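For reference, the chains in residue letters:
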Amino acid sequence: MNPTTLANAQVGEVCLVTEIAQKPIELRSRLHAMGVIPGANIQILRIAPLGDPMQIKVGGTLLSMRKIDAQIIKVQIQ
């Protein structure tokens with residue numbers, strides 16, 4: 001599969017995190033603390049009717065993420 005960003009993933013897809021942009025550093029640190037790190041699998045559970053936010057599952061944790069934040073996460077769809 002071609003690399004893309006998490007913001008482009010669809011409901012039900014499982015994505016492998018390949019890279020997280022260096023900036024903004026505060027967001028990158030927050031994502032790391034929540035388990036969104038290179039090598040992690042992310043499942044897309046829901047996307048709000050207007051497209052923002054999206055609910056994802058990382059490990060056993062459910063997270064809600066804005067699409068603008070998901071754009072800095074490069075993934076490979078499994």
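Bear in mind that the values here come from a model prediction, so they are computed numbers and not experimental data.

1. Topic: the pairing of strand β4 (residues 54-58)
Part 1 of the reasoning: Summarising burial for β4: four of the five residues are buried, a large majority.
Part 2 of the reasoning: With five bridges joining them, strand β3 (residues 41-47) and β4 adopt antiparallel strand pairing. When the bridges of β4 are listed, Gln43 appears paired with Lys57.
Part 3 of the reasoning: The loop that links β3 with its antiparallel partner β4 comprises six residues; one of these, Gly51, has a positive phi angle of about 95°.
Part 4 of the reasoning: Here β4 runs beside strand β5 (residues 61-65); their pairing, made up of five bridges, is antiparallel. Each bridged residue has a counterpart across the sheet, and for Met54 the counterpart in β5 is Met65.
Part 5 of the reasoning: Hairpin connection, β4 to β5: the antiparallel pair is bridged by two residues, and Gly59 has positive phi, about 65°.

2. Observations concerning the sheet that holds β3
Part 1 of the reasoning: Ordered by their spatial adjacency, six strands build an open sheet running β1-β6-β2-β3-β4-β5, and the pairing between neighbours is antiparallel. Strand pairing shows two members of the sheet lacking a second neighbour, β1 (3-5) and β5, which therefore form its edges. With direction set aside, neighbouring strand axes in the sheet form an average angle of 40°.
Part 2 of the reasoning: Here three bridges tie β1 to strand β6 (residues 73-77), and the two strands are oriented antiparallel to one another. Across the sheet, Thr5 pairs through a bridge with Lys74, a residue of β6.

3. Focus on unusual backbone geometry
Part 1 of the reasoning: With an omega dihedral of 0°, the bond running from Lys23 to Pro24 counts as a cis peptide bond.
Part 2 of the reasoning: Relative to the assigned elements, Pro24 resides in the loop between β2 (14-20) and α1 (25-33).
Part 3 of the reasoning: Cis geometry is found at the peptide bond from Asp52 to Pro53, where omega equals 5°.
Part 4 of the reasoning: When you line up the elements, Pro53 lands in the loop between β3 and β4.

4. Focus on the nonpolar core
Part 1 of the reasoning: Within the largest apolar cluster, 22 residues are counted, with the highest numbers of intra-cluster contacts made by Leu6, Val36, Ile56 and Ile73.
Part 2 of the reasoning: Each residue touching Ile73, except ones within four places of it in the same chain, is listed here: Thr4, Thr5, Leu6, Val17, Glu19, Leu31, Val36 and Met65.

5. Looking at α1
Part 1 of the reasoning: Within the span of α1, buried status applies to Leu27, Arg28 and Leu31. Down the axis of α1, the sector holding all buried residues measures 100°, keeping them to one side. Turned more than 90 degrees off the buried face of α1, the exposed positions are Glu26 and Ala33.
Part 2 of the reasoning: Each element contacted by the buried residues of α1 is listed here: β2, β5, α2 (67-70) and β6.
Part 3 of the reasoning: Immediately downstream of α1, the backbone of Gly35 shows phi near 95°, a positive value.

The rules we used
- Residues numbered from 1 in each chain as written.
- Predicted model: local features only at pLDDT ≥ 70, side-chain atom pairs only at ≥ 80, totals over all residues.
- Heavy atoms only, no water.
- Buried < 20%, exposed > 50% of the residue type's maximum accessible area, 1.4 Å probe, protein only.
- Helix = DSSP H or I, 4+ residues; strand = E, 2+ residues; numbered from the N terminus.
- Pairing = 2+ DSSP bridges.
- Axes fitted to C-alpha atoms, helices over the stretch in contact; angles between N-to-C directions.
- Core = buried A, V, L, I, M, F, W, Y, C linked by side-chain atoms within 4.5 Å.
- Contact = heavy atoms within 4.5 Å.
- Arc of directions from axis to C-beta.

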